[in-house]
Each structure stands twice: as C-alpha cells, then as structure tokens.
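The primary structure of each chain is shown beneath.
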Amino acid sequence: MTTKTTLTPAELLTKVEAIFRQSGLSPTQAGAVARVIVAGERDACKSHGIYRIEGCLRTLKQGKVDPNAEPTLTQDDSAIVRVDAKGGFSNPAFELGAPVLAARAKALGIAALVINDCTHFSALWPEVEALTAHGLAAIAMCPSYATVAPTGGTTALMGTNPLAFGWPRAGNPYVFDFATSVAARGEVELHRIAGTPLPEGWAIDADGKPTTDPTAALAGALLPFGGHKGSAISMMIELLAGVMIGDMTSPEALAFLGTMTVAPRHGELIIAFCPERFAAAKGGVNLASAEALFDAVLGQGARLPSGRRFAARQLADAEGIHLTADEMAILERLYKGGLDAVS
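Description of the pairing of strand β7 (residues 174–178)
Next, step 1: The sheet contact formed by strand β6 (residues 163–167) and β7 spans 5 bridges and is antiparallel. From the neighbouring strand, Gly166 faces β7, where its bridge partner is Val175.
Next, step 2: From the end of β6 to the start of β7, which pair antiparallel, there are 6 residues.

Thoughts on the state of the cysteines
Next, step 1: Inspection of the entire model under this criterion finds 0 disulfides.
Next, step 2: Free cysteine: Cys56, not disulfide-bonded; nearest cysteine sulfur from Cys118 at 12 Å.
Next, step 3: With a relative accessible area of 2%, Cys56 lands in the buried category.
Next, step 4: Of all cysteine sulfurs in the structure, the one in Cys142 sits closest to Cys118, which takes part in no disulfide; the separation is 7.4 Å.
Next, step 5: Exposure remark for Cys118: the relative accessible area of 0% places this residue in the buried category.

A word on the sheet that holds β6
Next, step 1: Pairing within the open sheet is mixed, and its 7 strands lie in the order β2-β3-β4-β11-β5-β6-β7. Since the sheet does not close on itself, it has two edges, and those belong to β2 (72–75) and β7, each with one partner. This sheet shows a mean twist of 15° between the axes of neighbouring strands, independent of strand direction.
Next, step 2: The sheet contact formed by strand β5 (residues 137–141) and β6 spans 4 bridges and is antiparallel. Note on β6: the bridge partner recorded for Ile139 is Phe165.
Next, step 3: Packing against the sheet, helix α8 (residues 228–243) makes contact with β5, β6 and β11 (265–273), and its axis sits at approximately 95° to β11.

Cut-offs used in this document
Residues numbered from 1 in each chain as written. Predicted model: local features only at pLDDT ≥ 70, side-chain atom pairs only at ≥ 80, totals over all residues. Heavy atoms only, no water. Pairing = 2+ DSSP bridges. Helix = DSSP H or I, 4+ residues; strand = E, 2+ residues; numbered from the N terminus. Disulfide = S-S within 2.5 Å. Buried < 20%, exposed > 50% of the residue type's maximum accessible area, 1.4 Å probe, protein only. Axes fitted to C-alpha atoms, helices over the stretch in contact; angles between N-to-C directions. Contact = heavy atoms within 4.5 Å.

Listed below in structure tokens is the structure:
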C-alpha cells in the first residue's frame, strides 16, 4: 500500500517556499513562485505542481534567472501597463502588475499588461482567475521556446504557446488554459517519467516521423492541436506576445538559452476587459445571458472547462493535499540539497 502524506495548502506553501529561499531566491521571487506551484498541486494539475520545482532550481543553478530580481512597473496615460521582470520569474511581475491592470481596465473598459524579460514556467489560469476576481474577463498568452512543428512541417519552430481565458461568475469563474500544442511539454515529461507511451498524433521524432516514444518526442517536436487551426493560433501568440511587445519569439528564446533543460525566457501579454463598460450603451452587461449558456452546456451532460480542477481544489481545501512518499522524498531532497540536488 502506497504511503501518502496529507498537507494543508498553507503547509505545502511553507515547504515549497523554504526550498526556494534555501536555494537563494529572494522573498519576492520565492513567494510568488511557490504560490503558483502550490496552486497547481492543490488543483491536481500535477504537470504544474511540485514537479516544476526542480526545473526552477535548475534554471537558477545555470544562471538563467536572477534570484534577486525586483520587477518594476511603468504606466502612462494609455491602456498599456508595463512590468519589467528584470530577468526574474514572471510570477512576481504579474503580482505587481495585476492590481494596476484591473484598475485601468475598469477605468477604460480594456487594458493590457505587458511583462518583459521574464522566465516563465507556470500555468496561465492563476492569472486570468485573479482578474476574474475583480469582475473582469481576461486573456493571457505567451510564447515559450521552439518545441512545436507547424502543421505540415518537420522541425520545431513555435513554442507550446499557451492561451488562457477567464470570465467572472458568482461562483467559480469560467476558465480555460491550454497549450496550442496537442499537449504541454510537461505532459510529455510525465509520460517519460512514468515510462508510458504518448497517444498517437502528439509528436514527431528528430527525423520528422510520428512517434509515441516520449524520449523521441522530446528530441523531436510536438504537434499543434487542431492541425492548421492550432498552428495559426500558435503563430498569433508568437506575434502578439513576442514581436508586438518587443520580446523574444520561441526560436529566439531557444537560441538565447541554448537548452530546453531550463525554464524559457520571453515575455507575456495579458488583456483585461470590463464587461460593464463594454455593455454600458445597452444598460449594462446581462450576466444571466452568460449563465444561460453555461447551464445549456451542463444540461447536455457536458462539463465546463476547469470543472475537475475546481473539484480538486474544493477537496484539497477540505481534506488537504495528498502527496505520495515519492513526492515527499522530492521535497525533502530539494530542501536538504538545494541547488546541489539538481543536475
């Protein structure tokens, strides 16, 4: 029988933050990174939970992220809020910019947050969720490093390029967050660790041939979801969240880093919308209309995106987060060994 340890989210946060502080991250960096990792573990998003700690430490060990970076915010009279992450992780940059973005969106109806010069490893749903808590709708996107071949191509060009959306509701918001590849690279890593094959259609090998071998896929390229449609959306993200904001595209990020063993370096774009301001000429937004759509989905026996994640969150908040003996061993090893515990 597998031994499991149960921790409250707060207890796990203390452990994860201590690992990062022990390894040299400043309180600003360690706190924000730990919060998003624990949120992933709490919501049963294993690919963005404690599994990500070692990658963050490896990035730090190789000198690809500034452990003491203090992000800075600038704004003018436009709808654009800018945060320079100063070579640190994206998470403290978002935490700094989000309240200002929310205020600008409510004042103007729409506003954008540009994060530059950041190291990014995390899911985007925590960010759009944070904005829905202000009564806003939000879209977030970013490139990565080149790991995805365009539809019909044979070599990696684009990133996994995630796209997230959030819509405010009285209860849990309507949220989706997905890579524009068939699967996130982290999912392929989990298959490699577990020794299980990939589903057909996820990836090609270094010769451009279809493969179900996770190791061969990591040496080759992932594929976009939805064929040419996903490929086009991925390219849009390269343009909007790379070229347009004056930051790196996925090929440039890979060339800059020279490796895919560390977290990618690039920028991020978050756009916030105030529904009330958009619908002001029509007497205000009719949120009941949105709820009717959601009810119609559920009425057909389908589910809303993030439903399983919200259920896992509710369970974790009530009963704690269950970690296996192997997962607890990882936490212990990284706490005791710090940067020496990662290759």
